[in-house]
Amino acid sequence: MRFDQPLRVSARLAPPLTWAALACLLLGFAGAALASAAEQTATTLCAACHGPDGNSVAPTFPRLAGLQREYLAKQLDDFRAGRRTNETMAPIAAALDPGMIKELAAWFAARKPAPGPATNAALLELGKAIYMDGNPTTGVPSCSGCHEEDGTGSPRYPRVAGQHQAYTVQQMLLFKTGARTNDRGSMMRSLSERMTEAEIAAVAEYIAGM
Ligand code: HEC
Ligand code: HEC
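Residues numbered from 1 in each chain as written. Chains lettered and ligands numbered in written order. Predicted model: local features only at pLDDT ≥ 70, side-chain atom pairs only at ≥ 80, totals over all residues. Heavy atoms only, no water.

A look at the site of ligand 1
The local shell around ligand 1 holds 23 residues, among which Cys46, Cys49, His50, Tyr71 and Met89 are the closest. Tyr71 places a polar side-chain atom, nitrogen or oxygen, 2.6 Å from an oxygen atom of ligand 1. Interatomic distance of 3.0 Å between a side-chain N/O atom of Gln171 and an oxygen atom of ligand 1. Looking at the shell around ligand 1, the elements with two or more residues in it are helix 2 (19-50), helix 3 (69-81), helix 4 (89-94), helix 5 (98-109) and helix 8 (165-176). Ranked by residue count, the leading element in the shell around ligand 1 is helix 3, at 5 residues. For the shell around ligand 1, a count of residues per class yields 16 nonpolar, 6 polar and 1 charged. (Near = heavy atom within 4 Å. Polar contact = N/O pair within 3.5 Å; in protein donor to acceptor, adjacent residues only side chain to side chain. Helix = DSSP H or I, 4+ residues; strand = E, 2+ residues; numbered from the N terminus. Nonpolar A, V, L, I, M, F, W, Y, C, P; charged D, E, K, R; others polar.)

Next up, the structure:
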């Protein structure tokens, strides 16, 4: 048969490899090459602020380790398109192409989150009450309703557990003042508007220790 011929020739050239194994090997190489391009960017450029494994040390640089890849990719797209503004991240995100954004998001999502930073015990009781039950008097809903009881989140509602207190406070204030507007349906803006700064500080402290 005409079509049999080249197959048999190649099979003789590489006797131990079945075609399936060869295909897997080639796909494996392609995968490794893609992963390493993203990994290289992550461990050099991004690492300068977000830490070598996405667990930043400086409290105003968010921890990215273990956040949902959907959320991370959305934030990078939003910075790139100007839907979320930040002087530092906007030019960095603008320099990434869509394929790289996906790869970076997947890479950071796969990092293991380090234990949360030390917390101020005096704020934890109020912080936990707000996280679990909200504030019924002022109409603040519970955070756990969207971000899950343990703060690990889901593709629609990002992980918050273990995030730096200072970063969380900053983002809550950006939502509250309408400076950050990339939350679908104003979910975060409408609830942070009803929160006092003391409540924000307390819930951010509780989140950091989760
Ligand atoms: C010079 C410091 C710096 C570098 C380098 C940097 N970032 Fe950032 N990144 C920040 C800061 C600061 C913020 C918080 C921005 C804000 O307040 O909105 C941030 C926020 C983010 C967020 C949003 C996190 C969240 O929880 O919403 C993502 C995602 C992100 N960076 C990814 C990256 C990636 C990927 C790289 C490398 C390509 C990178 N960053 C490089 C400083 C940096
Ligand atoms: C109705 C659902 C909902 C509730 C309730 C909710 N969140 Fe969110 N939250 C979201 C969504 C959606 C986002 C992602 C916004 C985006 O896409 O940028 C978010 C984002 C955040 C962020 C930004 C994370 C980051 O890495 O930048 C913080 C911090 C946060 N929420 C804290 C809270 C706190 C604290 C509470 C309780 C007081 C709370 N959320 C209640 C839906 C909710």
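Topic: the site of ligand 2
Taken together, 26 residues lie near ligand 2, and Cys143, Cys146, His147, Tyr167 and Met188 sit nearest. Between ligand 2 and the protein, one listed contact pairs a nitrogen atom with a side-chain N or O atom of His147 at 2.8 Å. Within the side chain of Arg180, an N or O atom sits 2.8 Å from an oxygen atom of ligand 2. Among the elements that take part in the shell around ligand 2, helix 8 stands out by supplying 5 residues, more than any other. Here the shell around ligand 2 spans two domains, and each of domain 1 (23-109) and domain 2 (121-208) adds at least three residues to it. (Domains from an automatic or database assignment.)

Focus on the pattern of salt bridges
Tallied over the full model, the rule gives 4 salt bridges. Note that Asp78 and Arg83 form a salt bridge whose closest N and O atoms lie 2.8 Å from each other. For Arg83, a relative accessible area of 47% puts it in the partly exposed group. A cluster of three or more residues bridged by salt bridges with shared partners is formed by Lys74, Asp78 and Arg83. (Salt bridge = Lys/Arg side-chain N within 4 Å of Asp/Glu carboxyl O. Buried < 20%, exposed > 50% of the residue type's maximum accessible area, 1.4 Å probe, protein only.)

Here's the deal with the coordination of the iron atom of ligand 1
Listed as protein donors to the iron atom of ligand 1 are His50 (NE2) and Met89 (SD); their distances from the metal cover 2.0 to 2.2 Å. Metal-centred angles of 86 to 177 degrees between the 6 donor atoms at the iron atom of ligand 1 mark the site as octahedral. Here His50, found in helix 2, pairs with Met89, found in helix 4; they are 39 residues apart in sequence, far enough to count as distant. Assessed through its relative accessible area of 11%, His50 is described here as buried. According to the relative accessible area criterion, Met89 is buried, its value standing at 16%. (Donors = N, O, S within 2.8 Å, 3.2 Å for Na, K, Ca; no water. Tetrahedral: all angles 85-135°; square planar, octahedral: opposite > 155°, others 65-115°.)

Some remarks on helix 5
For helix 5, which comprises 12 residues, the first-to-last C-alpha distance of 17 Å matches the rise-based estimate of 16 Å (1.5 Å per residue) to within 8%. Residues of helix 5 that are buried include every one of Met100, Ile101, Leu104, Ala105, Trp107 and Phe108, and no others. Across the axial projection of helix 5, the buried residues extend over an arc of 165 degrees, all falling on one side. If you check the start of helix 5, you find a side-chain oxygen 3.0 Å away from the backbone N of Gly99, and it comes from Asp97. (Expected span 1.5 Å × (residues − 1). Arc of directions from axis to C-beta.)

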